[in-house]
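Below, each chain spelled out in residue letters.
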Amino acid sequence: MISAIVFMAIVPLALLLVLTFTLLSGRMSETLRKRVELGLILTVYPAFILHWAWQAWTDQQRGDWSSFGLMAGLGCLFAVQFVVALRTRTLFPRYGHPKA
């Protein structure tokens, strides 16, 4: 049971790290890099948003309002970051880009 849980956590993390390394190393063509980056945007940000929303819902059910506020706030921050990432088509929209 523990090995299955570890496998389910390690494999997606390893794939994400390999894709991130490949994106940042410059070994991909520009069009392929943009496609992979968009795929990561459409999977990673919603996963984090759903996770924080689930945590906020769980805390609300328990009546832990301070933790609920923290988790809801984190979910909102990831939602804003998701919208910014979709508009700019970059995975980390505020990192390494000069301000206009």
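For the structure, see preceding data.
Here we summarise the structure given alongside this text. (Residues numbered from 1 in each chain as written. Predicted model: local features only at pLDDT ≥ 70, side-chain atom pairs only at ≥ 80, totals over all residues. Heavy atoms only, no water.)

**What about the packing of helix α1 (residues 2-25) against helix α2 (residues 30-62)?**
What counts is decided by this rule: All axes are obtained by fitting lines to C-alpha atoms, using only the stretch in contact for helices, and the reported angles, taken between N-to-C directions, cover 0 to 180 degrees. Strands here are runs of E lasting at least two residues and helices are runs of H or I lasting at least four, both read from the DSSP assignment and numbered beginning at the N terminus. Orientation labels follow simple angle bins: below 35 degrees gives roughly parallel, above 145 gives roughly antiparallel, 65 to 115 gives roughly perpendicular, and whatever is left gives oblique. In a left-handed crossing the near helix is turned counterclockwise from the far helix by less than a right angle, and in a right-handed crossing that turn is clockwise. Contacts between residues were defined by any pair of non-hydrogen atoms, one from each residue, lying within 4.5 Å.
Packing of α1 against α2 brings their axes to within 11 Å, and their N-to-C directions diverge by 140°. Taken as axis vectors, α1 and α2 run oblique relative to one another. Along this stretch, α1 crosses α2, giving a crossing that reads as left-handed. Where α1 abuts α2, its residues L16, L19 and L23 lie against R33, V36, E37, L40 and V44.

**Looking at the packing of aromatic side chains**
This is how it is decided: Paired rings are identified among Phe, Tyr and Trp, the last through its six-membered ring, by centres lying within 6.5 Å, and are further divided according to the angle between planes into stacked (under 30 degrees), edge-to-face (over 60) and tilted (the rest).
Evaluation of the coordinates by the stated rule reveals three aromatic pairs. Their ring planes at 85° and their centres at 5.6 Å tell us that W65 and F68 sit as a pair that is edge-to-face. Placement of the pair is W65 and F68 together in helix α3 (residues 65-88), with a separation of three residues, close to one helical turn.

**A closer look at the layout of surface pockets**
Spelled out, the test is: Using protein atoms alone on a 1 Å grid, points that fit a 1.4 Å probe yet trap it form a cavity, whereas open point sets bounded by protein on both sides within 12 Å along at least five of seven lines form a pocket; residues with an atom within 4 Å of a point count as lining. Grid points are joined across faces, edges and corners, and a volume is the space filled by probe spheres set on the points. For this classification, Asp, Glu, Lys and Arg are treated as charged, while Ala, Val, Leu, Ile, Met, Phe, Trp, Tyr, Cys and Pro are nonpolar and the rest, including Gly, are polar.
Here the second largest pocket is characterised by a volume of approximately 150 Å³. Along the walls of the second largest pocket sit L16, L17, T20, V44, Y45, F48, F78, L91 and F92, which together make up its complete lining. Of all the secondary-structure elements, those providing two or more residues to the lining of the second largest pocket are α1 and α2. In terms of residue class, the lining of the second largest pocket is built from eight nonpolar, one polar and no charged.

**Things to note about the side chain of S67**
Selection rule: With a 1.4 Å probe rolled over the protein chains alone, any residue whose accessible area is under 20% of its type maximum counts as buried; one over 50% counts as exposed, and the rest are partly exposed. A 3.5 Å cut-off defines polar contacts: any pair of N or O atoms within that distance qualifies, except that in protein one atom must be a possible hydrogen donor and the other a possible acceptor, and neighbouring residues in sequence count only when both atoms are side-chain atoms.
When you line up the elements, S67 lands in helix α3. A relative accessible area of 16% places S67 in the buried class. A polar contact of 2.7 Å, which involves the side chain of S67, links it to the side chain of D59.

**Topic: the pattern of salt bridges**
What counts here: The term salt bridge refers to a side-chain nitrogen of Lys or Arg lying within 4 Å of a carboxyl oxygen of Asp or Glu.
Inspection of the entire model under this criterion finds four salt bridges. Measuring nitrogen to oxygen at the nearest pair gives 3.1 Å for the salt bridge that ties E37 to R33. Separated by four residues within a single helix, E37 and R33 lie in helix α2, roughly one turn from each other. Here R62 and D59 are joined by a salt bridge, their closest N and O atoms 2.2 Å apart. With R62 and D59 both in helix α2 and three residues apart, the pair spans about one turn of that helix. Overall, the relative accessible area of 59% leaves R62 in the exposed class. Residues joined by salt bridges that share partners form a network here, namely E30, R33, K34 and E37.

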